[in-house]
Amino acid sequence: MRDLPFLIAQTSLALQARLQNRFNFVVEQVSNLVFYVCATIGLAIIVARFGEIGGFALAEMMLVYGLNLVTYFIAGTYLWGVARTLEGLIRSGELDLVLARPIGPLTLLMARSFEPSMPVKAVGAFALCVYALLLLDEGNGPSPAIWLSVTIVGGTLIQGGVMLAFASIAFWVAGSRDLVELMIYGVRRTVDVPISVYPSPVQLVLTVAIPYAFVNYYPILGLAVSIENGATTVLASSALIVGLVSAAAGTALWRLGLRRYRTVGA
Amino acid sequence: MTSLLALFRIEAAAYLADRKLALLGAAHKLLLAGSQVFLWSALVGAEGTIVDGGHLSRIDIVTYVLLATALVSLAEFSVVDTINDRVLRGQAAVDVLRPPGFPSAVLVREFARFVVGFAVHALPAVVVLGALFGFTAPGPGRVAVAVLLVLGGWLLATLIGWCVGIAALRLLDTTQVKYAFQGVTALFSGALVPLWFLPDALRGLAEVLPFHLLFHAPLSVWLGLAGWAEIGGYFAGLALWLCLTTPVAVITWRWSRAAMVVHGG
């Protein structure tokens, strides 16, 4: 917490630097918007043609997609850069310089990795979630505002925990960046659709080993689908707890890796 | 020609040099293709569905998504990144001085990556998942036509990407525009949703745009859902779009090269 003013100051500087070329920044945001609008239209076309995907209708599908995106964008604002660059920093020895600074290494790397386009995209994905919730209009369920806030916090912790955990592999394995990309661009995208379309072993992996299913599927079950048994109720309401556990596991792995880190200069 | 072949060989070898990377790339493709297979199998069901008056079985849709995932690099416009990277590092000026010339060097590099990427990353996923979930294999005539359409589609996509990428010599960075192209291409090419499932208005628009020639055309031919008249239409469309994009690519190159000469690379 004592490093927070530093993080805010660095974020402000990074934003100013990025906005030096405003035209480029605006083009980037418009381009991203076109990309995600096209993807959402594609999803809506599939639902319109087949009625539902894995038991989820249009509004639920928008929530599934929107929640996966918004939580990834929020977590990725600071952590995606860390996950992608850590291996290079270790290989080049630059991590030694980071460790020599008086600021916590994770805070410093997060500040260096701030990606301004991520929060912009998060706003778009959040709007998609709100629109989907308005379409759902579940009278008897939990308060949509509270549900959305808790789900986003829980999901962001899960996404951040997974990013940090896989980034930390760089302390043990060379070439871990490709593994991080496989996780984020590959495994994470499997929950762009409800996990109910996958066979049980895949569902189990996405629930227990890499708990991406708690980012969207189980919370939406709790909100929109009639809950049939106690196990589903527990799963639906435990996104926040799973998020806290994931974040703690990611942080623990990071600390373990950092303690293990040895170079000529360290 | 010798220098182009050497460039192809070097690029392919560089791509294959990191075996761990190649293995992870194959795993990534397997994961993406597998998730698409489960999704579309669940949607279409065991009985299949009707499209354009023809029957699309579960195995047909599995074949479609496997090949679409295998060919997804057609919709990624990686040439934009390649050009921007070489401009940013100042290597573009060196490429201009080399015997093959900058445009030929870029085209050969991209083709090497496309071919090797398909063979190393995509083909294992198609073989493994095809063996597990079924795969529609057409006759040699249709395979040959589909391959020709894919190669034409690759050239078209590369020329479109070239026009965006080469503008980096004037605008410094054009990588971000690529995402808009990726989104539009994914929607209107059949990479994201097969065009048979698009509403009429969007389908009409897709058939006017060039992107349907990248995925819909070759995959319709592969699955036997395109008659010879339609195949003729695909080749005519491809020829027309290549005739339109080639002069634009040449003009963009001349416009950008002038900036490189003035600024010294």
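Residues numbered from 1 in each chain as written. Chains lettered and ligands numbered in written order. Predicted model: local features only at pLDDT ≥ 70, side-chain atom pairs only at ≥ 80, totals over all residues. Heavy atoms only, no water.

Along the backbone of chain A there are twelve helices and zero strands. For 266 residues, the compact-globule estimate of 2.2 N^0.38 gives 18 Å, and the C-alpha radius of gyration of chain A, at 19 Å, lies within 12% of that figure. Based on the C-alpha atoms only, the size of chain A along its principal axes is roughly 60 × 45 × 30 Å. Taken over 266 residues, chain A has a buried fraction of 52%. Of the contacts formed within chain A by residues at least 6 apart in sequence, a portion of 77% connects residues at least 24 apart. (Helix = DSSP H or I, 4+ residues; strand = E, 2+ residues; numbered from the N terminus. Rg over C-alpha atoms; globule rule 2.2 N^0.38 Å. Buried < 20%, exposed > 50% of the residue type's maximum accessible area, 1.4 Å probe, protein only. Contact = heavy atoms within 4.5 Å.)

Turning next to the UniProt feature "transmembrane region" (unreviewed entry) in chain B. Residue and element names in this part refer to chain B. Using the residue numbers shown here, the UniProt feature "transmembrane region" (unreviewed entry) corresponds to residues 21-41, 61-80, 114-137, 143-172, 179-197, 209-228 and 235-255. Secondary structure within residues 21-41 divides into 100% helix and 0% strand; the distance between the first and last C-alpha atoms comes to 30 Å. Helix makes up 93% of residues 143-172 and strand makes up 0%, while its end C-alpha atoms are separated by 41 Å. (UniProt positions renumbered as here; feature names shortened; annotations may be inferred.)

Time to look at the pattern of salt bridges. Residues and elements named next belong to chain A. The tally for this structure, following the rule as stated, stands at ten salt bridges over all chains. Between Glu 181 and Arg 84 there is a salt bridge, with the nearest N and O atoms lying 3.4 Å from each other. Of the two residues, Glu 181 is situated in helix α8 (residues 176-187) and Arg 84 in helix α3 (residues 58-92); the sequence distance between them amounts to 97 residues. Classification of Glu 181 as buried rests on a relative accessible area of 17%. (Salt bridge = Lys/Arg side-chain N within 4 Å of Asp/Glu carboxyl O.)

Right, let's talk about the interface of chain B and chain A for a bit. Each partner contributes to the interface: chain B provides 33 residues, whereas chain A provides 32 residues. Interface area for chain B against chain A, summed over the two sides, is near 2600 Å², with a carbon-plus-sulfur share of 76%. At the boundary of chain B and chain A, one finds zero salt bridges. Here chain B is connected to chain A by five residue pairs in polar contact (both at pLDDT 80 or more). Residue assignment for the side of chain B that touches chain A shows that the elements contributing at least two residues are α2 (19-44), β1 (49-51) and α9 (177-189) of chain B. Top element by residues in the side of chain B that touches chain A is α2(B). It accounts for 14 residues. Taken together, the residues that form the side of chain B that touches chain A break down as 24 nonpolar, six polar and three charged. (Buried area = accessible area lost by both parts, 1.4 Å probe. Polar contact = N/O pair within 3.5 Å; in protein donor to acceptor, adjacent residues only side chain to side chain. Nonpolar A, V, L, I, M, F, W, Y, C, P; charged D, E, K, R; others polar.)

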